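Survey of secondary and tertiary structure
Here is how the chains run, residue by residue.
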Amino acid sequence: MFDKLMADIYTCFIDKDRYLEIIRGLGNTLIITFFALLIGIVIGLIVALCKVSAEKNKKLKFLDVIANVYLTVIRGTPVVLQLMIWFYIVLAFAKNPIPVAILGFGVNSGAYVAEIFRSGIQAIDNGQMEAGRSLGLSYSQTMRKIILPQAFKNVLPALGNEFIALLKETSVVGYISGHDLTRGAYNIRNATYSSFLPLVGAALIYLIIVMILTSLLSRLERRLRQGDYR
Amino acid sequence: MITVKNLHKYFGNLEVLKGVDIHIEQGEKIVVIGPSGSGKSTFLRCLNLLETPTKGQIFIEGEEITAPKCNVDQIRQKMGMVFQHFNLFPHLTVMQNLTLAPIMLKKAEKEEAEKSALILLERVGLKDKANAYPVQLSGGQKQRVAIARSLAMNPDIMLFDEPTSALDPEMVGEVLEVMKSLANEGMTMVVVTHEMGFAREVGNRVLFMDEGVIMEQGTPDEIFGSPKNDRTKSFLNKVL
């Protein structure tokens, strides 16, 4: 029994340097997640600001319309299909799926981050904007120095959750031949005809990363809450 | 210094201001009283365009702020505003609350802004709270910081929107004291308040507003001693 397990571990991970599949895959998973989140935050912030300022200013109504189309399309279609559309249609010339995946997941995540930011901005009391404006600050100065710092602090936990969700969602990049952690495990399975170790092993790695992120997040949240009673 | 001509304001179909006309001279202390829903806060908020008037004109120091081309931000720098709910910036220290606008708007360098902020804080009796955050202050202290924050922009006019209405009774006095000393220094002030004692003592002109118009105005003695309008009489009977 024990010998069998050791032999399986050997074939799955050590023989022909198969552990590299896992390491490389994990690296790509983390790279895609991290940069997609960055893109998502930039897009999300812009879209949220478009929507919030369109509420105040009738002339900017078209921004709201554009933002709504984006949000509806992105949130109304499966992320796997979005990825394939990017890779096989829009950016059909691209050879490397990883940058395409970063873009695809970034654009996807932006829609969710936009809603996170928007609710965070709208949760700030209107009196803050009025106080800033009454001092002579412009709308964008008040946004930058008064509203956004407070909103950002409030939405950090939700952003963390988005990060975690994104990490797991990236497991579908195999569909556009992206070599991530899941694909790595799958490749090992195909080569060795052994399912248990590679698949459960990959699942464990996701789980451990998510647990680490969750604990970092709750520590961050506690730090932020202390800040309220400084 | 402030001239308001035929000011109207609608919220949807509701007409809140139905033609307000007034001229305010430099150094005047105007106290606006009236029942809730009479439009007095809306009138005050129109003066620095926190509410956009539906119709009518407002001139501040000769400049028409209701004109489409007017630089509103510039005008607001000359008018401080104190809110019922203080609206301090909770993520900034007291000092940063005072210096943010002067530094951002290039009115002063950081050191200079901090120096004058300390002088202002001393004036409102809160010099020792410079590094505190707003959550650590009492209501009265918050409102005094809010007044100091407005003064940090060195305004010509100060607007007060029910500055003591959200305070515990024992804290009203400290805020009114600060306002009185400001009045004594000659600041032009427009104060919406329910503090009739303050209106009587500090105001040089009292406006009684009801149903979106100025029903009656006069010196405190005239309004409180011998009101002419029936609405004024019945309002004063209820609150005095």
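Each remark here, short or long, concerns the structure printed above.
Residues numbered from 1 in each chain as written. Chains lettered and ligands numbered in written order. Predicted model: local features only at pLDDT ≥ 70, side-chain atom pairs only at ≥ 80, totals over all residues. Heavy atoms only, no water.

A word on the packing of helix H2 (residues 19–56) of chain A against helix H5 (residues 97–122) of chain A
All names here are of chain A. Here is the rule we go by: Whenever a helix is involved, its axis is fitted only over the stretch in contact; in every case the axis is a line through C-alpha atoms, and angles between N-to-C directions fall within 0 to 180 degrees. For helices the rule is a DSSP run of H or I covering at least 4 residues; for strands it is a run of E covering at least 2, with both sets numbered from the N terminus onward. Angular relationships are summarised with four words: roughly parallel below 35 degrees, roughly antiparallel beyond 145, roughly perpendicular across 65 to 115, and oblique for the angles in between. Should the near helix be turned anticlockwise from the far one by less than a right angle, the crossing is left-handed, and should it be turned clockwise, the crossing is right-handed. Polar here means any residue outside two lists: the nonpolar Ala, Val, Leu, Ile, Met, Phe, Trp, Tyr, Cys and Pro, and the charged Asp, Glu, Lys and Arg; Gly therefore counts as polar.
Where H2 contacts H5, the two axes come as close as 4 Å, and the packing angle between them is 40°. Judged by the angle between their axes, H2 and H5 are oblique. Remark: the crossing between H2 and H5 carries right-handed chirality. Tallied by class, residues from the contact of H2 with H5 come to 23 nonpolar, seven polar and four charged.

Structural notes on the pattern of salt bridges
Put simply, the rule reads: Whenever a carboxyl oxygen of Asp or Glu lies within 4 Å of a side-chain nitrogen of Lys or Arg, that contact is scored as a salt bridge.
According to the stated counting rule, one finds 21 salt bridges over all chains in the structure shown. In this structure, Lys110(B) and Glu114(B) form a salt bridge, with 3.3 Å as the shortest nitrogen-oxygen distance. Of the two residues, Lys110(B) and Glu114(B) both sit in helix H4 (residues 110–123), four residues apart, roughly one turn of that helix. In this structure, a network of salt bridges that share partners links the residues Lys51(A), Lys61(A) and Asp64(A).

Description of the layout of surface pockets
What counts here: Every definition here rests on a 1 Å grid over the protein atoms only: cavities are sets of points where a 1.4 Å probe fits but cannot get out, pockets are open sets enclosed by protein on both sides within 12 Å along at least five of seven lines, and lining residues have some atom within 4 Å of a point. Grid points are joined across faces, edges and corners, and a volume is the space filled by probe spheres set on the points.
Put simply, the largest pocket is a space of about 1100 Å³. Along the wall of the largest pocket there are 28 residues; nearest its centre are Lys56(A), Arg133(A), Leu49(B), Thr52(B) and Arg76(B). For the lining of the largest pocket, the secondary-structure elements that each account for two or more residues are H2 and helix H6 (126–134) of chain A together with helix H2 (72–76) of chain B. At four residues, the largest contribution of residues to the lining of the largest pocket is made by H6(A).

Brief notes about the nonpolar core
Filter applied, for reference: In these notes, a set of buried Ala, Val, Leu, Ile, Met, Phe, Trp, Tyr and Cys residues joined through side-chain atoms within 4.5 Å is what counts as a nonpolar core. Burial classification: accessible surface area is computed with a 1.4 Å probe over protein chains only, and a residue below 20% of its type maximum counts as buried, one above 50% as exposed, and the rest as partly exposed. Contacts are residue-level and defined by heavy atoms, with any inter-residue pair within 4.5 Å sufficient.
Counting 56 residues, the largest nonpolar core has Ile2(B), Phe43(B), Leu47(B) and Val190(B) as its most contacted members. With seven residues, helix H7 (residues 139–169) of chain A is the largest single contributor of residues to this core. Ignoring sequence-local partners within four residues, the contact set of Ile2(B) consists of Ile22(B), His23(B), Ile24(B), Leu47(B), Phe59(B), Ile60(B), Ile157(B) and Val190(B). Ranked by size, the runner-up nonpolar core spans 35 residues in total, among them Leu120(B), Val124(B), Val175(B) and Leu182(B).

Some remarks on the sheet that holds strand E3 (residues 29–33) of chain B
Residues and elements named next belong to chain B. To be explicit about the condition: Strand pairing is assigned whenever DSSP identifies at least 2 bridges connecting the two strands.
Strand order in the open sheet made by the six strands is E6-E7-E8-E3-E9-E10, with mixed pairing throughout. Of all strands in the sheet, those with a lone pairing partner are strand E6 (79–82) and strand E10 (213–218), marking the two edges. Taking the axes of each pair of neighbouring strands and ignoring which way they run, one obtains an average angle of 20° across the sheet. Looking at chain direction, strand E9 (residues 205–210) and E10 are connected through five bridges and run antiparallel. Along E10, the bridge assignment pairs Val206 with Gly218. Running at roughly 170° to E6, helix H5 (residues 139–151) makes contact with E6 and strand E7 (157–161) of the sheet.

Regarding the environment of Ser134(A)
Stated formally: Any pair of nitrogen or oxygen atoms within 3.5 Å is treated as a polar contact; in protein, a donor-acceptor pairing is required on top of that, and neighbouring residues in sequence qualify only through side-chain atoms on both sides.
With respect to the helices, strands and loops of the structure, Ser134(A) is situated in helix H6. If we skip the residues at most four places from it in the chain, Ser134(A) touches Asn48(B), Arg76(B), Met79(B), Met81(B) and Phe83(B). Within polar-contact distance, the side chain of Ser134(A) engages the backbone oxygen of Ala131(A) at 3.0 Å.

Quick word on the packing of aromatic side chains
Rules: A pair of Phe, Tyr and Trp rings is counted when the ring centres sit within 6.5 Å of each other, with Trp represented by its six-membered ring. The angle between the planes then sorts it: under 30 degrees is stacked, over 60 is edge-to-face, the rest tilted. Whether a charge sits over a ring comes down to the Lys NZ or Arg CZ being within 6 Å of the ring centre and within 35 degrees of the ring normal.
Counted according to the given criterion, the structure contains four aromatic pairs over all chains. Judged by centre distance (6.2 Å) and plane angle (20°), the rings of Phe117(A) and Phe152(A) are stacked. With Phe117(A) in helix H5 and Phe152(A) in helix H7, the pair connects residues that are 35 residues apart, well separated along the chain. A ring pair is formed by Phe208(B) and Phe235(B), whose centres lie 5.2 Å apart and whose planes are at 45°; its orientation type is tilted. Of this pair, Phe208(B) sits in strand E9 while Phe235(B) sits in helix H9 (residues 230–239), and the two are 27 residues apart along the sequence. By the burial criterion, Phe208(B) is buried, and Phe235(B) matches it. When the ring centre of Phe89(B) is taken as origin, the NZ or CZ atom of Arg149(B), which lies over that ring, is 4.4 Å away.

Points about the packing of helix H3 (residues 94–104) of chain B against H5(B)
Residue and element names in this part refer to chain B. At a minimum axis distance of 8 Å, the contact between H3 and H5 shows a crossing angle of 25°. One way to sum up the angle between H3 and H5 is to call them roughly parallel. The handedness of the crossing between H3 and H5 is right-handed. Residue-level inspection shows Val94, Asn97 and Leu98 of H3 in contact with H5, the latter providing Val145, Ala148 and Arg149. Looking at the contact of H3 with H5 residue by residue, the class counts come to four nonpolar, one polar and one charged.

Let's talk about the environment of Leu91(A)
Residue and element names in this part refer to chain A. Tracing the backbone shows Leu91 in the loop between helix H4 (79–90) and H5. For the pair Leu91 and Asn187, spaced 96 residues apart in the sequence, the C-alpha separation amounts to 26 Å. In contact with Leu91, not counting residues within four places along its chain, are Trp86, Val100 and Leu103.

Considerations on helix H3 (residues 61–76) of chain A
At 3.6 residues per turn, the α-helix brings residues three or four places apart onto the same side. The following threshold applies: Expected span of a helix, by definition, is 1.5 Å for each gap between consecutive residues, and there is one gap fewer than residues.
Along its 16 residues, H3(A) runs 22 Å from first to last C-alpha, staying within 8% of the 22 Å computed at 1.5 Å per residue. Looking at the packing, one finds that the buried side of H3(A) touches H2, H4 and H5 of chain A.

Topic: the interface of chain B and chain A
Counted only if it meets this: When two components associate, each loses some accessible surface as probed by a 1.4 Å sphere; the sum of these losses over both components is called the buried area.
Contact residues are listed per partner, giving 24 residues for chain B and 20 residues for chain A. Here chain B packs against chain A, burying approximately 2000 Å² in sum over the two surfaces, 60% of which is carbon and sulfur. Sorting the residues of chain B by area buried against chain A places Phe89(B), His91(B) and Met104(B) first, and these three jointly supply 28% of that buried surface. Here chain B is connected to chain A by two salt bridges. For the salt bridge of Arg45(B) with Glu130(A), the shortest nitrogen-to-oxygen distance reads 2.6 Å. Taken together, the links from chain B to chain A amount to six residue pairs in polar contact (both at pLDDT 80 or more). For the side of chain B that touches chain A, the elements supplying multiple residues, two or more each, are H2, E6, H3 and H5 of chain B. Take the side of chain B that touches chain A: its biggest share by element is three residues, from H3(B).

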